Amino acid sequence: MHFKPFAVIVACYSGRDLQQGERVVTPLKDLGTVVAPHAGPMPFPALNSAFDAVLPPGLHHYWKSDYVPTLTDEAIGVHATHGPQLPSIQSTMHLCPQTGAIQRVGQRDTAYGRRDVEFVHVIPASDADLARMAGNIAWMHAYYDALRSLSDSGSGGYINFMTDDDGQERIKATYGGDYDRLAQVKTQYDPGNVFRVNQNIRPGR
């Protein structure tokens, strides 16, 4: 399967009952032909570092992300069209579920912005060769734009997938009604905005 596009399902059952974990994971194995099974008990650091070799230091990266209210047949068609056209082995698309435990917490209980959507997608354009990045970025934009009407772009996005060009207004939209409360906390504990090298919550309103 080297250099052939295919889907990877990354699952993690973190309970203590190994047999229950097997029952939870087994249906994933029945979805289609499995070409590279790696499911089994492992330390969490092993899972967390499983893809480090694919993304070594020194790569160039640029990505876009949106919330996805639900995965429709139309969206699946977009993924089936653009996914196999990825221009480098490092460029990809991640579709992350936001259901389960995420939705068992009240919307105002924490600062997490959207607990009502089912997925978030991020499309990274990545390459070791800067000269090839223009082609990677063009592929990423075509893929992202094809999904925009099927996404929830107006309500911010997953904060860790944002880049500088998303802008402050999108950060505010991500936190929704919690943004003002977080800005007040920032004003109290970091009025000089020392901690600003991130998707920044600015002091004050």
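One structure accompanies this document, and this report is about it.

Let us look at the pattern of salt bridges. One pass over the structure, following the stated rule, counts 11 salt bridges. Of the charged contacts, one joins Asp 166 and Lys 64 as a salt bridge, the two residues approaching to 4.0 Å between their closest N and O atoms. Of this pair, Asp 166 sits in the loop between helix 4 (133-148) and helix 5 (167-175) while Lys 64 sits in strand 1 (residues 60-68), and the two are 102 residues apart along the sequence. The two residues Asp 166 and Lys 64 agree in class, both being buried. Put simply, Lys 172 and Glu 169 hold a salt bridge, and the shortest N to O gap is 3.8 Å. Highlighted residues: Lys 172 and Glu 169, both in helix 5, separated by 3 residues, approximately one helical turn. What makes Lys 172 partly exposed here is its relative accessible area of 31%. Among the charged side chains, a salt-bridge network with shared partners connects Lys 64, Asp 66, Arg 148, Asp 165, Asp 166 and Arg 170.

Nonpolar side chains tend toward joint burial in soluble globular proteins. Counting residues in hydrophobic clusters, the biggest one holds 11 residues: Ala 75, Val 78, Ile 123, Ala 125, Met 133, Trp 139, Met 140, Tyr 143, Tyr 144, Leu 147 and Leu 150. Elements represented by at least two residues in this core include exactly helix 3 (73-82), strand 3 (119-127) and helix 4. In terms of residue count, the dominant contributor to this core is helix 4 (6 residues). Counting residues in each nonpolar core, the second largest holds 8 residues, with Ile 171, Tyr 175, Ala 183 and Ile 201 among its members.

This next bit is on the packing of helix 3 against helix 4. Angle between the axes and distance between the axes: these two values describe a pair of packed helices. Running from N to C, helix 3 and helix 4 point in directions that differ by 165°, and their axes come no closer than 10 Å. Taken together, the axes of helix 3 and helix 4 are roughly antiparallel relative to one another. Like other packed secondary-structure pairs, helix 3 and helix 4 cross with a definite hand, here right-handed. Across the interface between the two elements, Ala 75, Val 78, His 79 and His 82 of helix 3 pack against Trp 139, Ala 142, Tyr 143, Ala 146 and Leu 147 of helix 4. Of the residues in the contact of helix 3 with helix 4, the class split is 7 nonpolar, 2 polar and no charged.

So, how was this worked out
- Residues numbered from 1 in each chain as written.
- Predicted model: local features only at pLDDT ≥ 70, side-chain atom pairs only at ≥ 80, totals over all residues.
- Heavy atoms only, no water.
- Salt bridge = Lys/Arg side-chain N within 4 Å of Asp/Glu carboxyl O.
- Helix = DSSP H or I, 4+ residues; strand = E, 2+ residues; numbered from the N terminus.
- Buried < 20%, exposed > 50% of the residue type's maximum accessible area, 1.4 Å probe, protein only.
- Core = buried A, V, L, I, M, F, W, Y, C linked by side-chain atoms within 4.5 Å.
- Axes fitted to C-alpha atoms, helices over the stretch in contact; angles between N-to-C directions.
- Parallel < 35°, antiparallel > 145°, perpendicular 65-115°, else oblique.
- Left-handed = near helix turned anticlockwise from the far one by under 90°.
- Contact = heavy atoms within 4.5 Å.
- Nonpolar A, V, L, I, M, F, W, Y, C, P; charged D, E, K, R; others polar.

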